[in-house]
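The residues making up each chain are set out below.
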Amino acid sequence: MAKIDAVSIVEDFWKCVWQSRNAEAIDRFVVEDFVITSDGVEIRSREKFKEWVAGFLEKINDFDFEVIETFQNEEGSRVASRWRVTGKNNGLLGSVKDQAPISFTGTAIWALNAEGKLLHNWVERSTWALSHTLKFR
């Protein structure tokens with residue numbers, strides 16, 4: 001695999017999809033059979049991933065996504081990124097839609113192909129800590 005600037009690809013993905021709140025932009029970045037493993041659960045296919053992103057965005061009003069740091073392996077086939085989300089709770093994790101301020105961090109590990117397309121994303125969020133700040137019925 002020739003070395004690619006995978007950090008720029010992933011940071012462009014963050015900007016175009018999450019920071020712009022635009023799940024449709026996913027088409028530019030991921031392969032058709034893309035997989036995201038979120039908290040140990042696999043979501044398979046580009047279309048299912050777009051649905052997952054749109055659903056996630058609906059749960060946080062005034063959504064803001066901040067990239068803390070991103071780095072890659074030598075070839076650019078793997079990228080690691082740390083990030084922070086802030087906004088207002090609109091039912092995240094099945095909680096009451098109280099519009100209370102929320103903040104949580106996460107990490108994402110990405111696999112990319114030689115053409116710079118995203119193949120797989122493993123993501124973990126600080127949902128345990130977050131869940132202690134949310135109201136449930």
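Our subject is the structure that appears above.
So, a few notes on the structure that sits alongside this text. Note that the structure is predicted; figures quoted are calculated from it, not measured.

Conventions we followed
Residues numbered from 1 in each chain as written. Predicted model: local features only at pLDDT ≥ 70, side-chain atom pairs only at ≥ 80, totals over all residues. Heavy atoms only, no water. Phe/Tyr/Trp six-rings, centres within 6.5 Å; stacked < 30°, edge-to-face > 60°. Helix = DSSP H or I, 4+ residues; strand = E, 2+ residues; numbered from the N terminus. Buried < 20%, exposed > 50% of the residue type's maximum accessible area, 1.4 Å probe, protein only. Pairing = 2+ DSSP bridges. Axes fitted to C-alpha atoms, helices over the stretch in contact; angles between N-to-C directions. Contact = heavy atoms within 4.5 Å. 1 Å grid on protein atoms, 1.4 Å probe; cavity = no way out; pocket = protein on both sides within 12 Å on 5 of 7 lines; lining within 4 Å. Points joined across faces, edges and corners; volume = space filled by probe spheres on them. Nonpolar A, V, L, I, M, F, W, Y, C, P; charged D, E, K, R; others polar.

### Re the packing of aromatic side chains
So, step 1. Within the structure shown, the criterion is met by 18 aromatic pairs.
So, step 2. Ring geometry for Phe49 and Trp52: centres 6.1 Å apart, planes at 20 degrees, overall stacked. With Phe49 and Trp52 both in helix H2 (residues 46-58) and three residues apart, this pair spans about one turn of that helix.
So, step 3. Residue Trp52 is classed as partly exposed on the basis of its relative accessible area of 22%.

### Examining the sheet that holds strand S6 (residues 118-125)
So, step 1. One open sheet accounts for six strands, arranged S2-S1-S6-S5-S4-S3; its pairing is mixed. Each edge of the sheet is formed by a strand with only one pairing partner; in this case those strands are strand S2 (41-44) and strand S3 (60-72). On average, each strand axis in the sheet is inclined to that of its neighbour by 20 degrees, with strand direction left out of account.
So, step 2. Bridging between strand S4 (residues 78-89) and strand S5 (residues 101-112) involves eleven bridges; their strand directions are antiparallel. Paired with Ser81 across the two strands is Ala108, which belongs to S5.
So, step 3. In the packing of helix H1 (residues 6-19) onto the sheet, contacts are made with S3, S4, S5 and S6, and the angle to S3 comes to roughly 180 degrees.
So, step 4. Sheet strands touched by H2: strand S1 (30-38), S2, S3, S5 and S6. Its angle to S1, the strand with the most contacts, is close to 50 degrees.

### Re empty space enclosed by the protein
So, step 1. Tallying each qualifying case throughout the model produces one cavity of 30 Å³ or more.
So, step 2. Of the pockets and cavities examined, the largest cavity occupies roughly 120 Å³.
So, step 3. Among the elements of the structure, H1, H2, S3, S4 and S6 are those that each provide at least two residues to the lining of the largest cavity.
So, step 4. Within the lining of the largest cavity, the residues separate by chemical class into 13 nonpolar, one polar and one charged.

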